[in-house]
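# Architecture and fold: a report
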Amino acid sequence: MWRATDETLLAGFAVGDAGAAETFVARFQRRVYGVALTITRDARLAEDLAQEAFVRAWRHAETFDPRRGGVGTWLTVITRNLAIDAMRTQPRSEFVDPDELEWLLPPASEPDPAETTVRSNDADWLRRALVDVPDEQRRAVVLAGVLGFTAQEVAERERIPIGTAKSRIRLAMSKLRRARAETEATR
Amino acid sequence: MSATSCDTVRESAPDFALGALTGRERAEVVAHLDDCPACQALVGEYASVADSLLELIPEAEPTAELAPPVLAAMRPSPRPRWRHRLVALAAAAIIAITGATGLTVALVTRDDGGTSSSAAPPLRSAPMVGSGDLTVGRVVTTSNRPPTLAVSVDYWLPDGSYQVAASDRAGEAAPVGTLDVTDGRGTWTGRAAQLGHPVAVELVDQSGHVVCRGRLAWPPDARSQSPMGQSGSA
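### Some points on helix α5 (residues 124-131) of chain A
Since the α-helix turns once every 3.6 residues, residues separated by three or four places project in the same direction. Among the residues of α5 of chain A, Trp-125, Leu-126, Arg-127, Ala-129 and Leu-130 of chain A are the ones counted as buried. Of the surrounding secondary structure, the elements contacted by the buried residues of α5 of chain A are α6 (135-145) and α8 (162-186) of chain A together with α3 (37-55) of chain B.

Structure representation (structure tokens):
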């Protein structure tokens, strides 16, 4: 079962195959929990959200579309949305400051494969591209893209006009989009 | 076509992809995207970038295994005993009326096509329908090559072993595995080696009778009949 593709496991999971479900959860639980924990910073809540993310994946497996990314990406988006919903009751000031997210910082050296907790090389282009994104733009993108802030909330959090918040988001995203296109072109 | 221009949507595309727009702004973009493939493509590129941000988040080890509570949530809630009895009586009556040889006539009178989107979804599903139009389970298949079939039943079928048979649109049918039902439930996951996209999946009992069937609808472009490797698991 461990050799099964992610999509095959998802199909088995979708119909309630216990073996497929156990393998599916085991394969992705660290990733799902990592997203929930990063956003909520509450281990117990993160575990509850991770469980809920898997249950939602089971219920809505037919919404998975491989043209938009892999199963893991789909799961992390589900988890992120659940975590953001859970945090909506909290003041925005309670959210983690993007500057505290060490994983956003450019690597000081080549990552040690034995120590790295990042899953694949698929996002390496993004890590490299973020090096060239100014801090204030990176903060705006993370607040919006990871922590679920609207542009207005980014503006309030950063104490800047909303036009400035939007500009930061758009400039950063434009750079990242170009970097992604260049990476795709060289593959 | 919506009142929002392409220029406006292109400007908002990064915010849209990140989910940073207000509800009204988002609705305007969505309305425009319905009619504009070019802006759809641009938003898709930004959405891929936004999704990639989550790829950077480091993994973490939960303190407890997540599988047990997930599996518990997947179990159907117990049905009232009166419903079991009612269904059993109805099934007995249907069997008595149709007789063993006429059983298959009553099969497959419903097909919901089981899709979430009109655009070639990766997974397709259909109810497994038994005698008396009774839904006894579900079949799901993937659109990859070779496709995986997953069948589950959780209602009405007597305990025992059932042959899983699949057929494609060319009419070819083949046994692909065995599904064991215990305490009224059973699952099987595997692949149909000799067939193209499966359009019907049946469970056949020890007497050779088809006890339920699922019909899978495929879009017109899914017509490959390529040979497939075989694997399966109970």
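### Notes on the confidence of the model for chain A
The pLDDT averaged across chain A works out to 84; a share of 86% of its residues lies at or above 70. Low pLDDT (under 50) marks residues 114-120 of chain A, which in the prediction has 14 contacts with non-local residues, meaning those over four places away or in another chain.

### Notes on the interface of chain B and chain A
Where interface size is quoted, it is often the accessible area lost as the parts come together. Across the boundary between the two partners, chain B contributes 59 residues, which contact 67 residues of chain A. Around 5800 Å² of area is buried between chain B and chain A when both sides are counted, 63% of it from carbon and sulfur atoms. When the buried surface of chain B facing chain A is broken down by residue, Glu-55, Leu-56 and Glu-59 of chain B rank first, second and third, together holding 14% of it. Applying the counting criterion to the chain B and chain A interface returns 7 salt bridges. Taken together, chain B and chain A are joined by 17 residue pairs in polar contact (both at pLDDT 80 or more). Elements that contribute at least two residues to the side of chain B that touches chain A include exactly α1 (6-18), α3, α4 (67-74), β1 (123-130), β2 (134-142), β3 (148-153) and β6 (186-191) of chain B. Tallying contributions element by element places α3 of chain B first for the side of chain B that touches chain A, with 11 residues. Taken together, the residues of the side of chain B that touches chain A sort by class into 32 nonpolar, 16 polar and 11 charged.

Conventions used here
- Residues numbered from 1 in each chain as written.
- Chains lettered and ligands numbered in written order.
- Predicted model: local features only at pLDDT ≥ 70, side-chain atom pairs only at ≥ 80, totals over all residues.
- Heavy atoms only, no water.
- Buried < 20%, exposed > 50% of the residue type's maximum accessible area, 1.4 Å probe, protein only.
- Helix = DSSP H or I, 4+ residues; strand = E, 2+ residues; numbered from the N terminus.
- Contact = heavy atoms within 4.5 Å.
- pLDDT = per-residue confidence, 0-100.
- Buried area = accessible area lost by both parts, 1.4 Å probe.
- Salt bridge = Lys/Arg side-chain N within 4 Å of Asp/Glu carboxyl O.
- Polar contact = N/O pair within 3.5 Å; in protein donor to acceptor, adjacent residues only side chain to side chain.
- Nonpolar A, V, L, I, M, F, W, Y, C, P; charged D, E, K, R; others polar.

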